[in-house]
Amino acid sequence: MAGNTYANMLAALDNAAAKLGLREEEYSFLRTPEREVKGSFPVKMDDGHTEIFEGYRIQHSSMRGPCKGGIRFHPETDEDEVKSLAAWMSFKCAVANIPYGGGKGGVTVDPAKLSKAELERLTRAYVKLITPVIGPKQDIPAPDVNTNAQIMGWIVDEYSKLTGEFTPAVVTGKPLSLGGSLGRPAATGRGILFTAREMYKRLGKSLKGATVAVQGFGNVGSVAAQLLYREGCKVVGISYAFGALYCEDGLNIDEIISTGYQADLTGYNAEGVKHITNEELLTLSVDILVPAALENAITEKNVDTINAGLIVEGANGPINAAADAVLQEKGITVVPDILANSGGVIVSYFEWVQDLQCYFWSEEEVNSKLERQISEAFAAVYNTAKENNVPMRIGAYMVAVARIVEAAKLRGYVG
Ligand code: GLU
C-alpha cells in the first residue's frame, strides 16, 4: 500500500505518550509488534495451474487480552500496511474498552480475479498458515476489506477441522447460522452514525439537515450513508470504486441500495444526480465527510481541497500525518478512526461473548449495547482531548495508551 502508514501510527503514538508524560521505556513495547507471521502458500487454480500467494498475521499487542482484528484480501496489502492496521486495532480495542489487544491479517491478492472455489481454497490455505497463532483466547480474526461472512464461515470450518473441535469463537463476523451475531454486518456503519451524533450533540447541533459526503460504498460506507440518510441528513455525495454520485438536493440512499449495484453505480440515474469523480467527491462542500474507503485518501497532496466542517473516519488511516496537521490548522475536527469505526469490533466482541456462552441476543440488545459502549468511548476521548487541548486523534491515543500501559504495569512488564 502506498504511503508509510506505520510511520503515521508512530507519530501519533509518540505524540500521545509525550502528552501523557510517559518515559520511552514505559511505552516502547507499543512501537513494534509482538509477533509477525508471514508466509507463502500454493493454491491450485480452476484451470489446474498453481499460484503462490503471500499472507500475513501480525499481532501488535496482547497486553489487554487476546489479539483482535480483521483479515484483508487486497492486491496492495503488504507488511507495512498490516503492521499499521494491527497497531490501530490495539488502540481501537483499548479506546472501546473491550478486553482485547490488536492484530491484523492480510493476503496480497485481488479477490475479484478469483472464482468462488479459488477464493475458498485460498482462504483455507491461509488458515493453515495462521492456525498455530490464532484461537478464541489467542487471536480472533474478523472481516475487513474484501472479506465477508462467507469467508469467516470457511475459516471456522478449516480451523475446526485442523484443531478437531468446533470453534466458532475463533473468528467474528460469521454467518448467523455459524454463531454470528445479529447487528454485526451493520455495526461499523452504525458506529459512524453514533459517533457523528455524539459530536453534533457536543456542538449543540442536530444531524437533521446536515449535508454529508461518503467516500466508499462498501460495508462501512453504504451502511453509514443509509443510517445518516434515515437520521435526516442530506447525503449529497457517495463514491464507489470507479466514480461518485452527487445530488445537490440529497441522494435517495435507500433507493440506491435497493438497486443492488452498490459496487458499480456507473449506470445509476435519477433526477438531479450527476456523476463526478472520486477525487471531486472529497472536495465537496459539506457539513460532514466520511472517508470510508482505504488508508491515505487524504494526504498533503489533496488536503487543501477539503471543504468539510467535520470528518468522521470510517476507514482505517484515511488521513495521513501531514494532512492531519493541515486539517488541525484549518480548524476541521476529525473524529478519528480508532473511535469512529470501532462499532465493528465492539459488536465482534459481543459476538465472541455470545459464542462463548452459546446464548444469543436480540438485535435490539446488540444495538443498544453498541450505542452505550461507543458513546462512553466517545466521551472518554472527547473529554481527554478537551482537557489536554489536543485534537481528538491524540485524545484517543492518550486514552488507549494509558489503558494499555496500565495493563502492562499490572502484568509486571514496566516500572
Ligand atoms: N476490520 C474491522 C476493523 O478494522 C473489524 C475488526 C474486528 O471486528 O475484529 O475494525
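Asker: Could you give an account of the site of the ligand, with specific residues and numbers?
Answerer: Around the ligand, the surrounding shell holds 14 residues, and the nearest of these are K68, K92, P143, D144 and S348. Within the side chain of K68, one N or O atom sits 2.8 Å away from an oxygen atom of the ligand. Against a free-state accessible area of 300 Å², the protein chains account for coverage of 95% of the ligand. Elements supplying a minimum of two residues to the shell around the ligand: α3 (79-96) and α12 (343-357).

Asker: Could you give an account of the pairing of strand β8 (residues 234-240), naming the residues involved and the relevant values?
Answerer: Here β8 lies mainly inside the structure; six of its seven residues are buried. Sheet topology places strand β7 (residues 211-215) next to β8; five bridges connect them, and they run parallel. Looking across to β8, one finds that Q215 is bridged to S239. Assessed by its sense of winding, the connection that carries the chain from β7 through helix α7 (residues 219-230) to β8 is right-handed. Both β8 and strand β9 (residues 243-246) contribute to a ladder of four bridges, which runs antiparallel. Paired with S239 across the strands is A244, a residue of β9. Hairpin connection between β8 and β9: a loop of two residues separates the two successive antiparallel strands.

Asker: Describe in detail the nonpolar core, supporting the description with residues and values.
Answerer: Note that soluble globular proteins tend to have their nonpolar side chains buried in a common cluster. In this structure, F91 and I238 are the most contacted members of the largest nonpolar core, which totals 94 residues. Looking at which element gives the most residues to this core, the answer is helix α14 (residues 392-411), with twelve residues. Sequence-distant contacts of I238, that is, excluding residues within four places in its chain, are made with V214, F217, A225, A244, L245, L251, I253, I256, L265 and L281. Among the nonpolar cores identified, the runner-up in size contains 26 residues, and V109, L122, A125 and V127 belong to it.

Asker: Help me get a handle on the sheet that holds strand β4 (residues 71-74), residues and values and all.
Answerer: Taken in spatial order, the four strands of this open sheet run β1-β2-β5-β4, and their pairing is mixed. Both outer strands of the open sheet, β1 (35-44) and β4, are each paired with one neighbouring strand and no more. Averaged over all pairs of adjacent strands, the angle between their axes in this sheet comes to 20°, without regard to strand direction. As defined by bridge partners, β4 adjoins strand β5 (residues 102-108) across four bridges and the pair is classed as parallel. Looking at the pairing, H74 lines up with T108 of β5.

Asker: Please set out the pattern of salt bridges residue by residue, giving values where relevant.
Answerer: In a structure, side chains of opposite charge can pair up when their charged atoms sit close to one another. For the structure shown, the criterion picks out 27 salt bridges. Among the salt bridges present, the one from E158 reaches R124, with a minimum N-O distance of 2.8 Å. Separated by 34 residues along the polypeptide, E158 in helix α5 (residues 149-163) and R124 in helix α4 (residues 116-130) bring together distant segments of the chain. Of the two residues, E158 and R124, both sit in the buried class. Measuring nitrogen to oxygen at the nearest pair gives 3.0 Å for the salt bridge that ties R202 to E198. Here the residue R202 and the residue E198 both occupy positions in helix α6 (residues 187-202), the gap between them amounting to four residues, near one helical turn. By relative accessible area, which is 29% here, R202 ends up partly exposed.

Asker: Please set out the side chain of T188 residue by residue, giving values where relevant.
Answerer: When you line up the elements, T188 lands in helix α6. Here G344 takes part through its backbone nitrogen, which lies 3.4 Å from a polar atom of the side chain of T188.

Asker: Tell me about the sheet that holds β7, residues and numbers included.
Answerer: By way of backbone hydrogen bonds, the strands of a sheet pair with one another, either parallel or antiparallel. As summarised here, the arrangement of the seven strands in space is β10-β9-β8-β7-β11-β12-β13, forming an open sheet in which the pairing is mixed. Of all the strands in the sheet, the pair left with one neighbour each is β10 (274-276) and β13 (333-335). For this sheet, the mean inter-axis angle between neighbouring strands, taken without regard to orientation, is 20°. In this structure, β9 lies alongside β10, joined through three bridges in antiparallel fashion. Along β10, the bridge assignment pairs Y246 with K274.

Asker: Can you lay out the packing of α6 against α7 for me, pointing to particular residues and giving the numbers?
Answerer: Their axes nearest at 7 Å, the elements α6 and α7 cross at an angle of 45°. With respect to α7, the axis of α6 lies oblique. Crossing of α6 over α7 shows right-handed handedness. Contacts from T188, G189, R190, I192, L193 and A196 of α6 reach α7 at V220, V223, A224, L227 and L228. A class-by-class count of the residues in the contact of α6 with α7 yields eight nonpolar, two polar and one charged.

Asker: Please set out the packing of aromatic side chains residue by residue, giving values where relevant.
Answerer: On inspection of all chains with the given rule, the structure shows nine aromatic pairs. Ring centres of F41 and Y126 lie 6.4 Å apart, and the angle between their planes is 50°; this geometry places the pair in the tilted category. With F41 in strand β1 and Y126 in helix α4, the pair connects residues that are 85 residues apart, well separated along the chain. This pair shows no difference in class: F41 is buried, exactly as Y126 is. With 5.8 Å between their ring centres and 90° between their planes, Y100 and Y349 make a pair best called edge-to-face. Within this pair, whereas Y100 is found in the loop between α3 and β5, its partner Y349 is found in helix α12, the two being separated by 249 residues in sequence. When sorted by exposure, Y100 lands in the same class as Y349, which is buried. One aromatic cluster is present, built from ring pairs that chain together Y100, Y349, F350, W352 and W361. One residue, K205, lies across the ring of Y200, its end atom 4.9 Å from the ring centre.

Calculation rules
- Every chain's residues receive numbers from 1 upward, in the order its sequence appears when written.
- A pLDDT threshold of at least 70 governs which residues receive local features in this predicted model, and a stricter bar of 80 or more applies before side-chain atom pairs are shown or counted, although totals over entire chains, interfaces and linings include all residues.
- The basis for the side-chain values is all heavy atoms of the structure; hydrogens and waters are excluded.
- Any residue with a heavy atom lying within 4 Å of a molecule or strand is counted as near it.
- Under this definition, polar contacts are N or O atom pairs within 3.5 Å; protein pairs additionally need one hydrogen-donor-capable and one acceptor-capable atom, and for neighbouring residues in sequence, both atoms have to be side-chain atoms.
- Computed with a 1.4 Å probe, the accessible areas rest on the Shrake-Rupley method; for each residue, only the protein chains presented here act as cover.
- Put simply, DSSP H or I for four residues or longer makes a helix, DSSP E for two residues or longer makes a strand, and each gets a number counted from the N terminus.
- Think of it in three bands: residues with accessible area under 20% of the maximum for their type are buried, residues over 50% are exposed, and the middle band is partly exposed, with areas taken using a 1.4 Å probe on protein chains only.
- Pairing between strands is defined by DSSP: at least two bridges between them are needed.
- Whether a crossover is right-handed depends on one test, that the path from the first strand over the helix to the second runs clockwise when the strands point away from the viewer.
- Throughout this description, the term nonpolar core refers to a set of buried Ala, Val, Leu, Ile, Met, Phe, Trp, Tyr and Cys residues connected via side-chain atoms within 4.5 Å.
- The contact criterion used is simple: two residues touch if any of their non-hydrogen atoms lie within 4.5 Å.
- Interaxial angles span 0 to 180 degrees and are taken between N-to-C directions of axes, which are lines fitted to C-alpha atoms, for helices over the stretch in contact.
- Should a side-chain nitrogen of Lys or Arg be within 4 Å of a carboxyl oxygen of Asp or Glu, the pair is scored as a salt bridge.
- Convention used here: angles under 35 degrees read as roughly parallel, angles over 145 as roughly antiparallel, angles from 65 to 115 as roughly perpendicular, and any remaining angle as oblique.
- Crossing handedness is read from the near helix: turned anticlockwise from the far helix by less than a right angle, it gives a left-handed crossing, and turned clockwise, a right-handed one.
- Throughout this entry, Asp, Glu, Lys and Arg are counted as charged residues, while Ala, Val, Leu, Ile, Met, Phe, Trp, Tyr, Cys and Pro are counted as nonpolar. The remaining residues, Gly among them, count as polar.
- Stacked, tilted and edge-to-face pairs are distinguished by plane angle, under 30 degrees for stacked and over 60 for edge-to-face with tilted covering the rest, among Phe, Tyr and Trp rings (Trp via its six-membered ring) whose centres lie within 6.5 Å.
- Ring-over charges, as used throughout, are those where CZ of Arg or NZ of Lys falls within 6 Å of the ring centre and within 35 degrees of the ring normal.

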